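Coordinate analysis (summary)
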Amino acid sequence: MTFWSSAEISPEALTAYTLIRKAAETEINRRLGRISLDQVWDNWTWAFIAIVISPALNVDYPERVRRNSKTKDLEFRLKIDFTEFVSASHERKLELLFEQLHKSVDLMAKWKLSADDREKLHSVLNIVMKSPSVRRAASETT
């Protein structure tokens, strides 16, 4: 499985989110290369798109969870509270992102990703969140 991430994001949150996202994506993929999931998930992409949109824009980007068997994508478009994110400490920004990443793993049960494989992915996220490169990227956001 490969991890890919992006965002539907307001400019006020873009820089901070991008710094954390890039570091996290690199580290998550490095860690995913070290674990074995059920071979059913070989060549699948875990796509995470954060929705961090200012309420002032008065637009609604609904959360969406979908699977595309043809392209082997598991896509999660999940919201991060804009107001909390832009006013948060660097530590809390990191937590907000990883809370949604963990939620995406939990949602994988919908497609019969085993509890054992979900636990492996949660472990990867826990390790990555504590990694020096990700924490350093988060600290550059303030």
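Figured I'd write up the structure that's included with this text. (Residues numbered from 1 in each chain as written. Predicted model: local features only at pLDDT ≥ 70, side-chain atom pairs only at ≥ 80, totals over all residues. Heavy atoms only, no water.)

Attention now moves to the overall build of the protein chain. A tally of helices and strands in the protein chain yields five helices and four strands. Overall, the protein chain shows an N-to-C arrangement of helices and strands of β-α-β-β-β-α-α-α-α. For the protein chain, the C-alpha radius of gyration of 15 Å lies close to 14 Å, the compact-globule estimate for 142 residues. Along the three orthogonal principal directions, the C-alpha set of the protein chain runs to about 45 × 35 × 20 Å. The buried share among the 142 residues of the protein chain stands at 44%. The contacts in the protein chain between residues at least 6 apart in sequence include a share of 75% that link residues at least 24 apart. For the protein chain, the exposed surface amounts to about 7500 Å²; the carbon and sulfur share of it is 49%. A gap of 4 Å separates the mean positions of the 22 positive and 20 negative side-chain charges of the protein chain. (Helix = DSSP H or I, 4+ residues; strand = E, 2+ residues; numbered from the N terminus. Rg over C-alpha atoms; globule rule 2.2 N^0.38 Å. Buried < 20%, exposed > 50% of the residue type's maximum accessible area, 1.4 Å probe, protein only. Contact = heavy atoms within 4.5 Å. Areas by Shrake-Rupley, 256 points an atom, 1.4 Å probe, with all protein chains shown as cover. Lys, Arg positive; Asp, Glu negative; His and termini not counted. Charge placed at Lys NZ, Arg CZ, Asp CG, Glu CD.)

What follows concerns the pattern of salt bridges. Opposite charge on two side chains permits them to pair, given that their charged atoms come into close proximity. Per the counting criterion, the structure on display carries 14 salt bridges. A salt bridge links Glu75 to Arg66; the shortest N-O distance between them is 3.3 Å. A relative accessible area of 39% means that Arg66 is categorised as partly exposed. Among the ionic contacts, a cluster of salt bridges with common partners joins Glu8, Arg66, Glu75 and Arg77. (Salt bridge = Lys/Arg side-chain N within 4 Å of Asp/Glu carboxyl O.)

This next bit is on the packing of helix H3 (residues 90–107) against helix H4 (residues 115–130). Two numbers describe how H3 lies on H4: the axes approach to 10 Å, and their chain directions differ by 170°. Classified by the angle between their axes, H3 and H4 sit roughly antiparallel to one another. Counted together, Glu91, Leu94, Glu95, Phe98, Leu101, His102, Val105 and Asp106 of H3 and Arg118, Leu121, His122, Leu125, Asn126, Val128 and Met129 of H4 form the full contact between these two elements. Classifying every residue of the contact of H3 with H4 by side-chain character gives eight nonpolar, three polar and four charged. (Axes fitted to C-alpha atoms, helices over the stretch in contact; angles between N-to-C directions. Parallel < 35°, antiparallel > 145°, perpendicular 65-115°, else oblique. Nonpolar A, V, L, I, M, F, W, Y, C, P; charged D, E, K, R; others polar.)

Take the sheet that holds strand S4 (residues 73–79) next. Strand order in the open sheet formed by four strands is S1-S2-S4-S3, and the pairing between neighbours is mixed. Only two strands of the sheet have a single partner each, and these edge strands are strand S1 (2–9) and strand S3 (64–68). Each strand of the sheet is rotated relative to its neighbour by a mean of 15°, with strand direction disregarded. The strands touched by helix H1 (residues 11–32) are S1 and strand S2 (45–52); relative to S1, the strand with the most contacts, the crossing angle is about 175°. (Pairing = 2+ DSSP bridges.)

A few words now on the side chain of Arg77. By secondary structure assignment, the location of Arg77 is in strand S4. Arg77 sits in the buried class, given a relative accessible area of 17%. A distance of 3.4 Å separates a polar atom in the side chain of Arg77 from a polar atom in the side chain of Glu8. Side chain to side chain, Arg77 and Glu75 meet in a polar contact 2.6 Å long. Here Arg77 is in contact with Glu8, Ile49, Ile51, Glu63, Arg64 and Arg66, once residues within four sequence places are set aside. (Polar contact = N/O pair within 3.5 Å; in protein donor to acceptor, adjacent residues only side chain to side chain.)

A separate point is helix H5 (residues 132–139). When we look at burial in H5, the residues that qualify are Val134, Ala137 and Ala138. The buried side chains of H5 occupy one side of the element, clustering within an arc of 100° when seen end-on. Looking at the buried residues of H5, the elements they touch are H1, H3 and H4. (Arc of directions from axis to C-beta.)

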